[in-house]
Structures are given as structure tokens and as C-alpha cells.
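One-letter residues, chain by chain:
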Amino acid sequence: MASKYHLKLDGHTYEVEVEEDAEGYRVRIAPPGGAAGKKRKEPKWHPVSLQRIGDTARYSLILDHRPYDLFAEENPVGYHVVLSGRTIAIESVDRKKRRGPAGPATIETETGEGEWVLTSPMAGVVIQVMVKVDQEVQSGDVLLIVEAMKMQNELRARRGGTVKAVYVSEGQRVDQGTPLLVVV
């Protein structure tokens, strides 16, 4: 039986199925719906392997026999993934909280006061802080950029709000899980 997810990338939502077969795991990604009246081709299955590197949010992904380096963090509805410098939101179709590949660490934490704390999904260096305290942000805005292993990773707002605090500055080294900023 396949697990189903929604993958959000560049303003589009893709349907993703992951299932185990005799050789390991495989994934099928259906592109967003096409033009009305056109029949969509059945997406094909791709072999996939995902191995966690140490006790970090870093993973080695092999998709269609090609290697990729990625960072993955669980959140309340799915996963936040950084792959080749691109941020990807992956949500469980049933929206139940699932134990993610990265374990208990999260990229953001909700507080009882409606605030959320953005934490670093990886160890690295803050290259650029794009926001200031009291600045309004919209969902999808780039908040800051963290460089890890020569890859610049844009960390984006999951929802709109006002920046309450910024805990880091440009050039600062951060560890995985370091609080970066707070939005209310």
C-alpha cells in the first residue's frame, strides 16, 4: 500500500506516492492537472533510496540511480525539504502528523501565543538575513539564507505575520535546531 503526499514546489502541487516493492522503495510523482479535457499520462514509478547521514537532518537520496544531497525536517503536517538549494513543502494527504525521516527536530515550532519559531534545518553559516523586527512577511517570503556545504538554502515563511525577533546575524555559524527568528 502506497503512502500519499502533496509536494508543493514553485506554486504547484504534485501528488506523490511512495511504496515498498521487492527491491526497496519506489516513488511516483503526478504533475499538477493539465488543460481541461486532456487526458493525463499515467506517471511512472521511480526507484528511490533515502539514507540519513548520522544524527542530522541531512540525507543521501538516490532517485533513478542519481545521487542527491538533501535536508529534511518534520513539521505538523508533513516535511520541509531543502534539495539543491530549493525549498520543498511535502504534506501528508491525510494531514495526520507522521514521524518523519528527520526525527523529532522541526524547522518551525508553534507556541501557545500563536508565534512560530523558525529553527535552522542544518548546521551552516547565515549568509543573508532578509527581514527585520516589526517587518510584515507573507507566506513564501524568503526570511534568510543559510549556507551549508557550499549550498545556499533559502528559508521561507510558512505563513504571513510580523517578525517579532531575529536571533542571528549575517556571518554567524548556526547548528541544526538553532532558533533563527520568531514570527507572530
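In this text, all values refer to a predicted model and were calculated from it rather than measured experimentally. (Residues numbered from 1 in each chain as written. Predicted model: local features only at pLDDT ≥ 70, side-chain atom pairs only at ≥ 80, totals over all residues. Heavy atoms only, no water.)

This paragraph deals with the side chain of Glu17. With respect to the helices and strands, Glu17 occurs in strand β2 (residues 12-21). With a relative accessible area of 19%, Glu17 lands in the buried category. Within the local environment of Glu17, its side chain forms a polar contact with the side chain of Arg28, the two groups lying 2.7 Å apart. Apart from residues no more than four positions distant in its own chain, Glu17 is found in contact with Ala2, Ser3, Lys4, Arg26, Val27, Arg28 and Trp45. (Helix = DSSP H or I, 4+ residues; strand = E, 2+ residues; numbered from the N terminus. Buried < 20%, exposed > 50% of the residue type's maximum accessible area, 1.4 Å probe, protein only. Polar contact = N/O pair within 3.5 Å; in protein donor to acceptor, adjacent residues only side chain to side chain. Contact = heavy atoms within 4.5 Å.)

The subject of this paragraph is the nonpolar core. If you look at the biggest cluster of nonpolar residues, it comprises 21 residues, and the most contacted ones within it are Leu118, Val137, Leu143, Leu144, Leu180 and Leu181. Of all elements in the fold, only β10 (116-119), β11 (124-129), β13 (142-148) and β17 (179-183) reach the threshold of two or more residues within this core. With sequence-adjacent residues up to four places away left out, Leu144 is seen in contact with Gln128, Val129, Met130, Asn153, Glu154, Leu155, Val168, Leu180 and Leu181. (Core = buried A, V, L, I, M, F, W, Y, C linked by side-chain atoms within 4.5 Å.)

Taken together, four strands build an open sheet; the order of strands is β14-β13-β11-β16 and the sheet is antiparallel. The sheet is open, and its two borders are formed by β14 (151-156) and β16 (173-174), each paired with just one other strand. Pairing geometry for β11 and β16, over two bridges, is antiparallel. From the neighbouring strand, Val125 faces β16, where its bridge partner is Arg173. (Pairing = 2+ DSSP bridges.)

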